[in-house]
Amino acid sequence: MAAATATASSAKASGPSAPRNRNDTFNQKDKPAQVRLSNITAAKAVADAIRTSLGPRGMDKMIETGKKEVVISNDGATILKHMSVLHPAARMLVDLSAAQDVEAGDGTTSVVVLAGSLLIAAEKLLKKGVHPTQIAEGFQYAAIEAVKILEDISIPINLDDREFLLKSATTSLSSKVVSQYSSILAPIVVDSVLRIINPATDHNVDLNDIRIVKKIGGTIDDTELVPGLVLNQTAITSAGGPTRVEKAKIGLIQFQLSPPKPDMDNQVVVNDYRQMDRILKEERNYLLNLVKKIKKAGCNVLLIQKSILRDAVNSLSLHFLSKLKIMAIKEVERDEIEFLCKATGCKPIADIDSFTEDKLGYADLVEEAESNGSRVVQISGIKNAGKTASIIMRGANQY
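Rules and cut-offs
Residues numbered from 1 in each chain as written. Predicted model: local features only at pLDDT ≥ 70, side-chain atom pairs only at ≥ 80, totals over all residues. Heavy atoms only, no water. Helix = DSSP H or I, 4+ residues; strand = E, 2+ residues; numbered from the N terminus. Buried < 20%, exposed > 50% of the residue type's maximum accessible area, 1.4 Å probe, protein only. Contact = heavy atoms within 4.5 Å. Pairing = 2+ DSSP bridges. Axes fitted to C-alpha atoms, helices over the stretch in contact; angles between N-to-C directions. 1 Å grid on protein atoms, 1.4 Å probe; cavity = no way out; pocket = protein on both sides within 12 Å on 5 of 7 lines; lining within 4 Å. Points joined across faces, edges and corners; volume = space filled by probe spheres on them. Nonpolar A, V, L, I, M, F, W, Y, C, P; charged D, E, K, R; others polar. Polar contact = N/O pair within 3.5 Å; in protein donor to acceptor, adjacent residues only side chain to side chain. Patch = residues over 30% accessible without salt bridge, like charges linked within 9 Å, V, L, I, M, F, W, Y side chains within 5 Å. Areas by Shrake-Rupley, 256 points an atom, 1.4 Å probe, with all protein chains shown as cover. Salt bridge = Lys/Arg side-chain N within 4 Å of Asp/Glu carboxyl O. Left-handed = near helix turned anticlockwise from the far one by under 90°.

What about the environment of Ile210?
Part 1 of the reasoning: Locating Ile210 in the fold gives a position in strand S3 (residues 210–216).
Part 2 of the reasoning: Exposure remark for Ile210: the relative accessible area of 15% places this residue in the buried category.
Part 3 of the reasoning: Sequence-wise, Ile210 and Gln100 are 110 residues apart; in three dimensions their C-alpha atoms are separated by 19 Å.
Part 4 of the reasoning: If we ignore the near neighbours within four places in the chain, the residues touching Ile210 are Ser192, Val193, Ile196, Phe339, Ala389 and Ile391.

Focus: the sheet that holds strand S12 (residues 389–395)
Part 1 of the reasoning: Spatially, the three strands line up as an open sheet ordered S3-S12-S4, and their pairing is mixed. Of all strands in the sheet, those with a lone pairing partner are S3 and strand S4 (224–226), marking the two edges. With strand direction ignored, the average angle separating the axes of adjacent strands in the sheet is 25°.
Part 2 of the reasoning: Note: S4 against S12, three bridges, orientation antiparallel.

Some thoughts on empty space enclosed by the protein
Part 1 of the reasoning: Under the criterion given, the structure shown has one cavity of 30 Å³ or more.
Part 2 of the reasoning: Taken as a whole, the largest cavity holds about 40 Å³ of empty space.
Part 3 of the reasoning: Lining the largest cavity are Ile236, Ala239, Gly241, Pro242, Leu318, Leu321, Ser322, Ile326 and Ala328.
Part 4 of the reasoning: For the lining of the largest cavity, the element with the highest residue contribution is helix H11 (residues 315–323), accounting for three residues.
Part 5 of the reasoning: Residue classes in the lining of the largest cavity are distributed as seven nonpolar, two polar and no charged.

Considerations on the side chain of Thr108
Part 1 of the reasoning: Position of Thr108 relative to the elements: it lies in helix H6 (residues 108–127).
Part 2 of the reasoning: A polar side-chain atom of Thr108 sits 3.3 Å from the main-chain amide nitrogen of Gly76.
Part 3 of the reasoning: Other than its neighbours up to four places away in sequence, Thr108 contacts Asp75, Gly76, Ala77, Ser97, Gln100 and Asp101.

Quick look at a nonpolar patch on the surface
Part 1 of the reasoning: A contiguous nonpolar surface patch, about 260 Å² in accessible area, is contributed by Leu114, Leu118 and Phe139.
Part 2 of the reasoning: Given the relative accessible area of 52%, Leu114 is considered exposed.

Remarks on the packing of helix H3 (residues 30–51) against H6
Part 1 of the reasoning: Running from amino to carboxyl end, H3 crosses H6 at an angle of 145°, the nearest separation of the two axes being 9 Å. Judged by the twist between their axes, the crossing of H3 over H6 is left-handed. For the pair H3 and H6, contact is made by Arg36, Leu37, Ile40, Ala43, Lys44, Val46, Ala47, Ile50 and Arg51 and by Thr109, Val112, Val113, Gly116, Ser117, Leu119, Ile120, Glu123 and Leu126, respectively.
Part 2 of the reasoning: In terms of residue class, the contact of H3 with H6 is built from eleven nonpolar, three polar and four charged.

What about the pairing of strand S10 (residues 361–371)?
Part 1 of the reasoning: Pairing geometry for strand S6 (residues 244–253) and S10, over six bridges, is antiparallel. Counted as the bridge partner of Arg244 is Glu367 from S10.
Part 2 of the reasoning: With nine bridges joining them, S10 and strand S11 (residues 374–383) adopt antiparallel strand pairing. Within the sheet, the bridge partner assigned to Tyr362 lies in S11 and is Lys383.
Part 3 of the reasoning: Between S10 and S11, which follow one another and run antiparallel, lie two residues, and Asn372 among them has a positive phi close to 55°.

Points about the side chain of Ser192
Part 1 of the reasoning: Within the secondary structure, Ser192 is located in helix H9 (residues 182–196).
Part 2 of the reasoning: Exposure remark for Ser192: the relative accessible area of 2% places this residue in the buried category.
Part 3 of the reasoning: Setting aside residues up to four positions removed in sequence, Ser192 forms contacts with Ile210, Leu225, Ala389 and Ile391.

Below, the structure written as structure tokens:
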């Protein structure tokens, strides 16, 4: 009986709930190493994916996005932006490339390839038994020394020296798809940046102040830096509205020139034709009063923000705008509002009661022009304009 008791105790101690096995779970030495190796492998896969696109002889990548769009590029930030990277460690390399693009505008592939090479070196040291903390400290010391060396060999840049900036832009374009057009694109890039900064005080540039309008038609040789402002949208001519306005007074509205709708879906059944005529008359008077107030403020060019609740304009309001010689441009995106206000000097207007002359922008000419099979609206001679630039990119396709 004593032997049976001892056997039962031994079996219980060797079961899955034994304290010794629980301690073994926390004392596994290979688990952290496996996690580190997994992170390194995932990051190396991202670096290897774009390694072949580095340098002037780098190859272009063709990527199909989630929207079934095809993107051809050898720019590291562009490639990684369209890749579906889920692993956290690999995602850090994607963020690294995006940060490099924002800060420097170039070297997006180089930083990822360099990070991948450092991880390969770290993997070799880990296999030799070097602690990860010591490796990380070694990289930090090396980074400090690398910054000192770069500062010693760096050449100060004077933003007033246009020729030096042209050489820098040409070098940056040498590894891109459009490298053969660098003599055309480099002056456009440099001049657009110099237009929106003060070389004496500014040390960085906000690229959101430069608008690039892409139009299919023509060749890259037709790409130009436009004086003034260029809109993606075109003028509405379905009701016979004007496409050219001199001495323009520009208004930007965030409300709709269409009959109001209730907050809830309701149905109104009208059986009497006289009531129907009354409804149509009220709608006509409502829209006419809106357009008259816009005209009374002196506005003759109207930019209308895109609406998701109801139509921004309807045929009746377009008819009234055409009769009063007001040029209408709709489908202005919400994220364009700040740029348009800065470029034209106007202020966004959210309600018809606040539509006053002091919120309008002024320009010598607003004209819709056609070139190479595409139409664009160009605003020139803007008074009180902010520091912005507009570039029209042309080509046979979007790539």
